[in-house]
Amino acid sequence: MARSEREPVALVGVDFPALPALVPYWQVQGGWLGVDFDNRNTMLGKTLARQLELNLGDDITLVKDNGERKTFRIKGIIESGDAMDNVMLLNIGVVQAWTDNHDRISYALASLANDNDAVTAYAKRLSAENPQLDIHPIRKVSAAEGQILHKIKGLMGLVCIIILLLSSLCVNTSLTAMTHERRREFALQSALGASDRQITAQIVRETLTMTTLAIAIGLILGLILAQILGHVVFHAGIPLRWPVLPLAAVLSLTVAAVAVALPLKRVLALQAAVVLKGA
């Protein structure tokens, strides 16, 4: 608790750069404080701001019993739907210094994806490493996040399967059209003495070259679009997961191999005399 020029207020010292990721559901009027050394600005809960009749851009002054005063500019007003609507948020270092609680932290909140009950496992590990601390997961939130995560994974898996099927059909159609247009070329090669093995190797090399180029372009575009989607929807970047790269390459090569099988079979079945006579 601290005393302002108007009435006592509850101070909460926070790590502002980390806060948006922990409470993305907060509605913020104005803006977040973006650095952990800002000692001139503050954020107020909506209820407290209304109670003190303060708005964005106004100043609020804290006063100590010894007459020391410090003024802060209101940069943001938050609406959380809980007790945080009644507090004044400052960078944690400012609150520690103002209340003479240097380097003291009373509460810490961590957020992580609850994949395979990762929250409970992480809480147990922290409790074992820090027995003096009271550590426990927020089970209602972690369970809900876990259910949502599993549903999203299932949906994304289904989408990937559908995309792979459609991609295979598209690649098969393109290769079929390409080999049909070049049937006279393949027939002429066969007539000049090219074996089925040589023709097969040529088609496989061309398909492999196109597939490699498509993989590179797809990975680059996928990474760019993922970052755009992450910032638009989740207001956060999506880190690159390196195991995805070989998996994407293997899947792409598999799709290409399946798609080229039918066109290759048709090319090898061509009768050179019939095709060239028709030309």
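Along each chain, numbering runs from 1 in the same order as the chain's sequence is written. A pLDDT threshold of at least 70 governs which residues receive local features in this predicted model, and a stricter bar of 80 or more applies before side-chain atom pairs are shown or counted, although totals over entire chains, interfaces and linings include all residues. With hydrogens and water stripped out, all remaining heavy atoms of the structure feed into the side-chain values.

Draft legend 1. Looking closely at the pattern of salt bridges. By definition, a salt bridge exists where a carboxyl oxygen of Asp or Glu is found within 4 Å of a side-chain nitrogen of Lys or Arg. All told, the structure shown has eight salt bridges when counted by the stated rule. Among the ionic pairs, glutamate 68 bridges to lysine 64, the shortest N-O distance being 3.7 Å. Think of it in three bands: with a 1.4 Å probe and only protein chains considered, a residue is buried below 20% of the maximum accessible area for its type, exposed above 50%, and partly exposed in between. You can call glutamate 68 partly exposed: its relative accessible area is 39%. The network of salt bridges with shared partners includes Arg182, Glu185 and Glu206.

Draft legend 2. The packing of aromatic side chains, seen in detail. A pair of Phe, Tyr and Trp rings is counted when the ring centres sit within 6.5 Å of each other, with Trp represented by its six-membered ring. The angle between the planes then sorts it: under 30 degrees is stacked, over 60 is edge-to-face, the rest tilted. This model, assessed by the stated rule, comprises one aromatic pair. Plain terms: the ring middles of tryptophan 26 and tryptophan 32 are 6.1 Å apart, the flat faces sit at 5 degrees to each other, and that makes the pair stacked. Taking relative accessible area as the criterion, tryptophan 32 reaches 25% and is therefore assigned partly exposed. Put simply, a charge is over a ring when the Lys NZ or the Arg CZ is close to the ring centre, within 6 Å, and near the line of the ring normal, within 35 degrees. We note lysine 64 situated over the ring of tryptophan 98; from NZ or CZ to the ring centre the distance is 4.9 Å.

Draft legend 3. Just helix α4 (residues 118-129), in detail. Compared with an ideal rise of 1.5 Å per residue, which puts 12 residues at 16 Å, α4 spans 16 Å between its outermost C-alpha atoms and is within 8% of the ideal. Numbering of helices and strands runs from the N terminus; a helix is a DSSP stretch of H or I covering at least four residues, while a strand is a stretch of E covering at least two. When α4 is considered as a whole, its buried residues turn out to be Val119, Thr120 and Ala123. Projected onto a plane normal to the axis of α4, the buried residues spread over an arc of 95 degrees and lie on a single side. Seen from the open side of α4, the exposed residues pointing more than 90 degrees away from its buried face are Lys124 and Ala128. Helix span, as expected, comes to 1.5 Å for every residue beyond the first. In this description, one arc is meant: the one made by directions from the helix axis to the C-beta atoms.

Draft legend 4. Here's a closer look at the nonpolar core. The biggest cluster of nonpolar side chains holds 18 residues, and the ones touching the most others in it are Val9, Leu11, Leu62, Met88 and Leu90. At the level of elements, β2 (8-14), α2 (46-52), β5 (59-63), β6 (69-79), β7 (87-91) and α3 (92-98) are the ones that each hand at least two residues to this core. Residue contacts for methionine 88: discarding those within four places in its chain leaves Val9, Ala10, Leu11, Val12, Thr42, Met43, Leu44, Leu48, Ile60, Leu62 and Phe72. Counting residues in each nonpolar core, the second largest holds 10 residues, with Leu19, Val23, Val87 and Leu89 among its members. Residues enter a nonpolar core if they are buried and are Ala, Val, Leu, Ile, Met, Phe, Trp, Tyr or Cys, with the set joined through side-chain atoms within 4.5 Å. Note on definitions: a residue-residue contact is assigned when non-hydrogen atoms from the two residues lie within 4.5 Å.

Draft legend 5. Highlighting the pairing of strand β4 (residues 41-45). With respect to burial, β4 is a largely interior element, five of its five residues being buried. Residues Asn41, Met43 and Gly45 point to one face of β4 and Thr42 and Leu44 to the other, with burial holding for every one of them. Judged from the five bridges that link them, β4 and β6 form a sheet pairing that is parallel. When the sheet's bridge partners are listed, glycine 45 is paired in β6 with isoleucine 78. Sheet topology places β4 next to β7; two bridges connect them, and they run antiparallel. Note that in β7 the partner of methionine 43 across the bridge is leucine 89. Strands are labelled as partners when DSSP assigns at least two bridges between them.

Draft legend 6. The environment of glutamate 68, seen in detail. Summarising the element assignment, glutamate 68 is placed in the loop between β5 and β6. Considering only alpha carbons, one finds glutamate 68 and tryptophan 98, 30 residues apart in sequence, at a separation of 9.8 Å. Residue contacts for glutamate 68: discarding those within four places in its chain leaves Leu62, Val63 and Trp98.

Draft legend 7. Here's a closer look at a nonpolar patch on the surface. Two distance rules govern patches: like charges are joined within 9 Å, and nonpolar side chains (Val, Leu, Ile, Met, Phe, Trp, Tyr) within 5 Å, applied only to residues with over 30% relative accessible area and no salt bridge. Surface accessibility follows the Shrake-Rupley procedure with a 1.4 Å probe radius. Residue values consider only the protein chains on display as shielding. Among the surface-exposed residues, Leu213, Ile217, Ile220, Leu221, Ile224, Leu225, Ile228, Leu229, Val232 and Val233 lie close enough to one another that they form a single nonpolar patch of about 970 Å² accessible area. Relative to the helices and strands, leucine 221 resides in helix α7 (residues 196-234). Taking relative accessible area as the criterion, leucine 221 reaches 47% and is therefore assigned partly exposed.

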